[in-house]
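Residue-level structural notes
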Amino acid sequence: MSRIAVHFPSAAYANQLVAGVPCAARALHHLMREGDAKPGETVTFVIGGGGQLSPFCRSELSRLAPDIVWTLEREGAANAPLKAAELLASICGSDARAPSLNEANKAIIAATGKPTDGIVSRFLNRPISQAISRQLLRSQ
């Protein structure tokens, strides 16, 4: 039995790009980085409606958390105390309500700025790069 189970309301939610990475993969990477999921442990994804993860999402799961075993279960088949929206709030550093996927995208893109950016990066390169990223995420 998995120690960690994460609930996604739908396959579309789990596969949705959040700043370029599917939501499920970003959540698993976050759990691993925070030490909640350790190598060899199993994380169960519970997807509402019995949906599946896209091939791209599966490849991102393998890339971002290669040492974590993950499984899929039908909704109701496992107790899923973690909600994907709560993980997104944690990833985005929000203590209030869980952000929408669009709000999470904006927060992650905004966080790409660095305090060490020079004047050209801060006022020219970074804003152009962030605008392009926002457009690419809209066209998914």
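The paragraphs below set out a description of the structure included in this document. Bear in mind the structure is a predicted one, so any value in this text is a computation, not a measurement. (Residues numbered from 1 in each chain as written. Predicted model: local features only at pLDDT ≥ 70, side-chain atom pairs only at ≥ 80, totals over all residues. Heavy atoms only, no water.)

Here we come to the pairing of strand β5 (residues 69-74). When strand β4 (residues 42-47) meets β5, the two strands line up parallel, connected through six bridges. The partner of valine 46 across the bridge, within β5, is glutamate 73. Read as a crossover between parallel neighbours, the route from β4 over helix α3 (residues 55-64) to β5 is right-handed. (Pairing = 2+ DSSP bridges. Helix = DSSP H or I, 4+ residues; strand = E, 2+ residues; numbered from the N terminus. Right-handed = clockwise from strand over helix to strand, strands pointing away.)

The next point concerns the pattern of salt bridges. Under the counting rule described, the total for this entry stands at two salt bridges. When the shortest N-O distance is used, the salt bridge between arginine 63 and glutamate 60 registers 2.8 Å. Remark: glutamate 60 and arginine 63 occur in helix α3; sequence separation between them is three residues, near one turn of the helix. A salt bridge links aspartate 117 to arginine 126, with the nearest nitrogen and oxygen atoms 2.9 Å apart. The class of aspartate 117 is buried, set by a relative accessible area of 12%. (Salt bridge = Lys/Arg side-chain N within 4 Å of Asp/Glu carboxyl O. Buried < 20%, exposed > 50% of the residue type's maximum accessible area, 1.4 Å probe, protein only.)

This part takes up the sheet that holds strand β1 (residues 4-8). Pairing is parallel across the open sheet formed by four strands, whose spatial order is β5-β4-β1-β6. Whereas interior strands pair on both sides, the edge strands pair on one side only; in this sheet they are β5 and β6 (82-83). One ladder, built from two bridges, connects β1 with β6; its direction is parallel. Its bridge partner lying in β6, valine 6 is registered against leucine 82. The sheet strands contacting helix α2 (residues 23-33) are β1, β4, β5 and β6, and the helix crosses β1 at an angle near 155 degrees. (Contact = heavy atoms within 4.5 Å. Axes fitted to C-alpha atoms, helices over the stretch in contact; angles between N-to-C directions.)

This part is about the nonpolar core. Formed by 31 residues in total, the largest nonpolar core has its most connected members in Val6, Phe8, Leu28, Val43, Phe45, Leu53 and Leu61. Looking at this core, the elements with two or more residues in it are β1, α1 (11-15), α2, β4, α3, α4 (84-92) and α5 (101-110). Among the elements that make up this core, the one with the highest residue count is α2 (six residues). Beyond its immediate sequence surroundings of up to four residues, leucine 53 is in contact with Ala14, Asn15, Ala24, Phe45, Ile47, Arg58, Leu61, Trp70 and Leu72. (Core = buried A, V, L, I, M, F, W, Y, C linked by side-chain atoms within 4.5 Å.)

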